[in-house]
Amino acid sequence: MATAKKPTAAKKATPTAKKAVAAAPKAAPAKKPATSLAPLKPIKTAFNKTTLQAHLANVAGVEPKAVKAVMSALEATMVASLSKKGLGEFTLPGLLKITAQAVPAKKKRRGIDPFTKVEREFAAKPATVRVKVRSLKKVKDAAL
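Note that the structure is predicted; figures quoted are calculated from it, not measured.

Colleague: Explain the side chain of Asp-113 here, please?
Modeller: Relative to the helices and strands, Asp-113 is located in the loop between β3 (109–112) and β4 (119–122). Within the structure, Asp-113 has its side chain in polar contact with the backbone nitrogen of Phe-115 (distance 3.0 Å). In contact with Asp-113, other than residues within four places in its own chain, are Val-118, Arg-120 and Phe-122.

Structure representation (structure tokens):
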């Protein structure tokens, strides 16, 4: 369910504020940060860690060293969020959501084998943590 932004009431500027803005000398237009990149060509090869870092550095126009630092910080944040004492979930906005789900231990039990229809003992299983990754809207739309 998407949430819509609420429209905010426009504030009226005071006459003195208008004069101050009009009196300010026009500076050279500042370069916009590359927030919205042009659509990329379809990628036909799989990336390993090094080639992904080089590709991101090339697309974003930054140094590969900066990309490596951001990727390691992202990795550390994900691990801290999914750890035992952490939140148990991590969202990369618009792309994916990772959740850690605790699965309790199961005792040894007797039951009917669904394949052979013969009664047998099912082995005990220790408690585990199941990690689930869900794709979000941008990834789903890209796959269409």
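Colleague: Where do I start with the sheet that holds strand β5 (residues 128–135) in this structure?
Modeller: In space, the three strands of this open sheet follow the order β1-β2-β5, with antiparallel pairing throughout. Looking at the sheet topology across the chains shown, the edges are occupied by β1 (89–92) and β5. Here the strands of the sheet are splayed against their neighbours by 15 degrees on average, with no regard to which way each runs. Relative to β5, strand β2 (residues 96–103) is paired through eight bridges, and the arrangement is antiparallel. Bridge pairing in β5 places Ile-98 opposite Val-133. Packing against the sheet, helix α3 (residues 64–82) makes contact with β1 and β2, and its axis sits at approximately 145 degrees to β1.

Colleague: What exactly am I supposed to notice about the packing of helix α2 (residues 49–60) against α3 here?
Modeller: When two helices pack together, their arrangement is given by the angle between their axes and by how far apart the axes lie. Contact geometry for α2 and α3: axes closest at 9 Å, N-to-C directions at 115 degrees. Handedness of the crossing formed by α2 with α3: right-handed. Packed against α2, whose contacting residues are Leu-52, Gln-53, Leu-56 and Ala-57, the element α3 presents Pro-64, Val-67, Lys-68 and Met-71 at the interface. Residue classes in the contact of α2 with α3 are distributed as six nonpolar, one polar and one charged.

Cut-off values and rules
Residues numbered from 1 in each chain as written. Predicted model: local features only at pLDDT ≥ 70, side-chain atom pairs only at ≥ 80, totals over all residues. Heavy atoms only, no water. Helix = DSSP H or I, 4+ residues; strand = E, 2+ residues; numbered from the N terminus. Polar contact = N/O pair within 3.5 Å; in protein donor to acceptor, adjacent residues only side chain to side chain. Contact = heavy atoms within 4.5 Å. Pairing = 2+ DSSP bridges. Axes fitted to C-alpha atoms, helices over the stretch in contact; angles between N-to-C directions. Left-handed = near helix turned anticlockwise from the far one by under 90°. Nonpolar A, V, L, I, M, F, W, Y, C, P; charged D, E, K, R; others polar.

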